2 protein chains.
Amino acid sequence: MVFMKALEEKIAKEGKIFPGNIVKVSGFLNHRIDVDFMMQMGEEISRLFSNCNINKILTIEASGIAIAVCAAAHMHVPVVFAKKSKTANVKSDVYSTEIKSFTHGNTSEVIVSKEFLSADDKVLIVDDFLAEGNAIRGLSELVKQAGGEVVGCAIAIEKGFQGGGDKLRKEGLKVESLAIIDEMTDNSIKFRA
Amino acid sequence: MVFMKALEEKIAKEGKIFPGNIVKVSGFLNHRIDVDFMMQMGEEISRLFSNCNINKILTIEASGIAIAVCAAAHMHVPVVFAKKSKTANVKSDVYSTEIKSFTHGNTSEVIVSKEFLSADDKVLIVDDFLAEGNAIRGLSELVKQAGGEVVGCAIAIEKGFQGGGDKLRKEGLKVESLAIIDEMTDNSIKFRA
């Protein structure tokens, strides 16, 4: 909890608000990565999902990789990152689905090689942001195609006011976000208590 | 040195050779990331560049991020990752250059926000592969545009037979590769002694 406060302070101090409900934290979470701070975030994620028997972390390139690796370093499990593909993949050796990006406004075909997801997997999905929940749903779909189980998902920053996280929670998914933004104006950010 | 042996054994055991001098290590280095193993690689990179006063690691998305984060976790410096852009960027707020990918055969415009590279920076460039050296040269160019200094570069796997690494060394750059492949046939890999 002390750590979550530190994250909120960092978002409030370093985050930049752009039109269209975009908050950029390029200074420590993506583009520039404050690795010491993100290793603390990874430790917190590890604590939140201890005793869940997770054997794999799934994320999506590129900005999910850093937070996933930092969580994995504490959980001692491998990370698999889904790749964005410009062309539709109907290859038999990959699981694939489509994910719409809230930030970028486009839809990507997203793939994982079949050899890296299996029916034995108990997967923690990790990502930097959660807005409408499209990435989480897409990554869950890939795990489902493999016959594996999504144990939960861990997010650095959830934009609570967009509702994606709470919808997933209502459906029974364990969603743990290290910071939840409940309100955002041009010059202020209000976090969920 | 013990660790480098472990990496060579892992490449020989898990690496897959494809036509056109491509070796894929998707099972532990990219796509699926063996984080415990890569944290050891990061520790070795930290050892190789101790006392170099490095204050920043620069890499390129997506597959360079994991190894960069693992090195940074031991070196306690931030990571900046250059972003690939489909469209030419002539924006005034980014440093940009072009990098030709040996693996993918295409050329990308690569950018870093000006706020994340500066003249004070003593930069270690980190990447997963070194073939012709194009990525290293492109990333060095971004550091140069910022007025910073490239202290050296750390690579997981260098394809020595493509000559890019040795050429950079001859030009005076400190290039440390954790494994150097000097010969590759369809079914064998020979490492530099």
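Just above, that's the structure.
Residues numbered from 1 in each chain as written. Chains lettered and ligands numbered in written order. Predicted model: local features only at pLDDT ≥ 70, side-chain atom pairs only at ≥ 80, totals over all residues.

## Quick word on the overall build of chain A
Here is step 1 of the chain: Within chain A one finds five helices and eleven strands.
Here is step 2 of the chain: Expected size for 193 residues packed as a compact globule is a radius of gyration near 16 Å; at 16 Å, chain A falls within 12% of this value.
Here is step 3 of the chain: If you line up chain A on its principal axes, its C-alpha atoms span 50 × 35 × 35 Å.
Here is step 4 of the chain: Within the span of chain A, comprising 193 residues, buried residues form 47% of the whole.
Here is step 5 of the chain: Contacts in chain A between residues at least 24 apart in sequence constitute 59% of all its contacts with a sequence separation of at least 6. (Helix = DSSP H or I, 4+ residues; strand = E, 2+ residues; numbered from the N terminus. Rg over C-alpha atoms; globule rule 2.2 N^0.38 Å. Buried ≥ 20, exposed ≤ 12 C-beta atoms within 10 Å, placed from the backbone. Contact = placed C-beta atoms within 7 Å.)

## Comments concerning helix 3 (residues 64-75) of chain B
Here is step 1 of the chain: Here helix 3 of chain B spans 16 Å end to end across twelve residues, near enough to the 16 Å set by a 1.5 Å rise per residue.
Here is step 2 of the chain: Of all the positions in helix 3 of chain B, only Gly-64, Ile-65, Ala-66, Ile-67, Ala-68, Val-69, Cys-70, Ala-71, Ala-72, Ala-73 and Met-75 of chain B are classed as buried. (Expected span 1.5 Å × (residues − 1).)

## Remarks on the relation of the copies chain B and chain A
Here is step 1 of the chain: Under the fitted operation, chain B is carried onto chain A by 0.0 Å of movement along the axis and a turn of 180°, and the coordinates agree to an RMSD of 0.0 Å. Within this description, the copies of the chain are treated as partners about a two-fold rotation axis. Across chain B, the rotation axis passes nearest the C-alpha of Ala-62 of chain B, at a separation of 2.6 Å.
Here is step 2 of the chain: The residues that chain B uses at the interface reappear at the interface of chain A in 100% of cases, marking a shared surface. (Least-squares fit on C-alpha atoms with pLDDT ≥ 70 in both.)

## Regarding the interface of chain B and chain A
Here is step 1 of the chain: Each partner contributes residues to the interface: chain B has 23 residues there, and chain A has 24 residues.
Here is step 2 of the chain: Of all the elements, helix 3 of chain B adds the most residues to the side of chain B that touches chain A, at six residues.
Here is step 3 of the chain: Counted by class, the side of chain B that touches chain A contains 15 nonpolar, four polar and four charged residues.
Here is step 4 of the chain: Of the pairings in the sheet, the one linking strand 5 (residues 79-85) of chain A to strand 3 (residues 32-33) of chain B comprises two bridges and is antiparallel in character. (Nonpolar A, V, L, I, M, F, W, Y, C, P; charged D, E, K, R; others polar. Pairing = 2+ DSSP bridges.)

## Focus on helix 4 (residues 134-146) of chain B
Residues and elements named next belong to chain B.
Here is step 1 of the chain: Across its 13 residues, helix 4 extends 19 Å between first and last C-alpha, which sits within 8% of the 18 Å expected from 1.5 Å per residue.
Here is step 2 of the chain: Residues of helix 4 that are buried include every one of Ala-135, Ile-136, Gly-138, Leu-139, Ser-140, Leu-142 and Val-143, and no others.
Here is step 3 of the chain: Just downstream of helix 4 lies Gly-147, where phi reads positive at about 85°.

## A closer look at the nonpolar core
Here is step 1 of the chain: In this structure, Val-69 of chain A together with Val-69 of chain B are the most contacted members of the largest nonpolar core, which totals 124 residues.
Here is step 2 of the chain: Beyond its immediate sequence surroundings of up to four residues, Val-69 of chain A is in contact with Val-79 of chain A together with Ile-33, Val-35, Ala-66, Val-69 and Cys-70 of chain B. (Core = buried A, V, L, I, M, F, W, Y, C linked by C-beta atoms within 7 Å.)

## With respect to the environment of Glu-158 of chain B
Residue and element names in this part refer to chain B.
Here is step 1 of the chain: Position of Glu-158 among the secondary structure elements: in strand 9 (residues 149-159).
Here is step 2 of the chain: In this structure Glu-158 comes out as buried when scored by C-beta crowding, with 25 C-beta atoms within 10 Å.
Here is step 3 of the chain: Spatially, the C-alpha atoms of Glu-158 and Ala-66 are 17 Å apart, while their sequence positions differ by 92 residues.
Here is step 4 of the chain: If sequence neighbours within four positions are ignored, Glu-158 has contacts with Leu-130, Gly-165, Ser-177, Ile-180 and Ile-181.

## Considerations on the packing of helix 2 (residues 35-48) of chain B against helix 3 of chain B
A pair of packed helices is characterised by two quantities: the angle between their axes and the separation of those axes.
Residue and element names in this part refer to chain B.
Here is step 1 of the chain: Between helix 2 and helix 3, whose axes approach to 7 Å, the crossing angle comes to 55°. By the angle between their axes, helix 2 is oblique relative to helix 3. You can see that helix 2 and helix 3 cross each other, and the crossing is right-handed. Residue-level inspection shows Met-38, Met-39, Met-41, Gly-42, Glu-43, Ile-45 and Ser-46 of helix 2 in contact with helix 3, the latter providing Ala-66, Ile-67, Cys-70, Ala-71, Ala-73, His-74 and Met-75.
Here is step 2 of the chain: Residue composition of the contact of helix 2 with helix 3, by class: ten nonpolar, three polar and one charged. (Axes fitted to C-alpha atoms, helices over the stretch in contact; angles between N-to-C directions. Parallel < 35°, antiparallel > 145°, perpendicular 65-115°, else oblique. Left-handed = near helix turned anticlockwise from the far one by under 90°.)

## Regarding unusual backbone geometry
Glycine aside, the phi torsion of most residues is negative, and most peptide linkages are trans.
Here is step 1 of the chain: Put simply, Glu-61 of chain A and Ala-62 of chain A share a cis peptide bond, and its omega is -10°.
Here is step 2 of the chain: With respect to the helices and strands, Ala-62 of chain A occurs in the loop between strand 4 (56-60) and helix 3 (64-75).
Here is step 3 of the chain: Its identity as a non-glycine residue notwithstanding, Asn-53 of chain A has a phi of 55°, on the positive side.
Here is step 4 of the chain: Tracing the sequence through the fold places Asn-53 of chain A in the loop between helix 2 (35-48) and strand 4.
Here is step 5 of the chain: Accessibility expressed as a C-beta count within 10 Å gives 9 for Asn-53 of chain A, which makes it exposed.
Here is step 6 of the chain: Of note in the backbone geometry, His-31 of chain B takes a positive phi value of approximately 75° without being a glycine.
Here is step 7 of the chain: On the basis of neighbour count, His-31 of chain B is assigned to the buried category, with 22 C-beta atoms found within 10 Å.

## Structural notes on the packing of helix 3 of chain A against helix 3 of chain B
Here is step 1 of the chain: Where helix 3 of chain A meets helix 3 of chain B, the closest approach of the two axes is 9 Å, and the angle between their N-to-C directions is 50°. With respect to helix 3 of chain B, the axis of helix 3 of chain A lies oblique. Classified by chirality, the crossing of helix 3 of chain B by helix 3 of chain A is right-handed. Where helix 3 of chain A approaches helix 3 of chain B, its residues Ile-65, Ala-66, Val-69, Cys-70 and Ala-73 of chain A are matched on the opposing element by Ile-65, Ala-66, Val-69, Cys-70 and Ala-73 of chain B.
Here is step 2 of the chain: Classifying every residue of the contact of helix 3 of chain A with helix 3 of chain B by side-chain character gives ten nonpolar, no polar and no charged.

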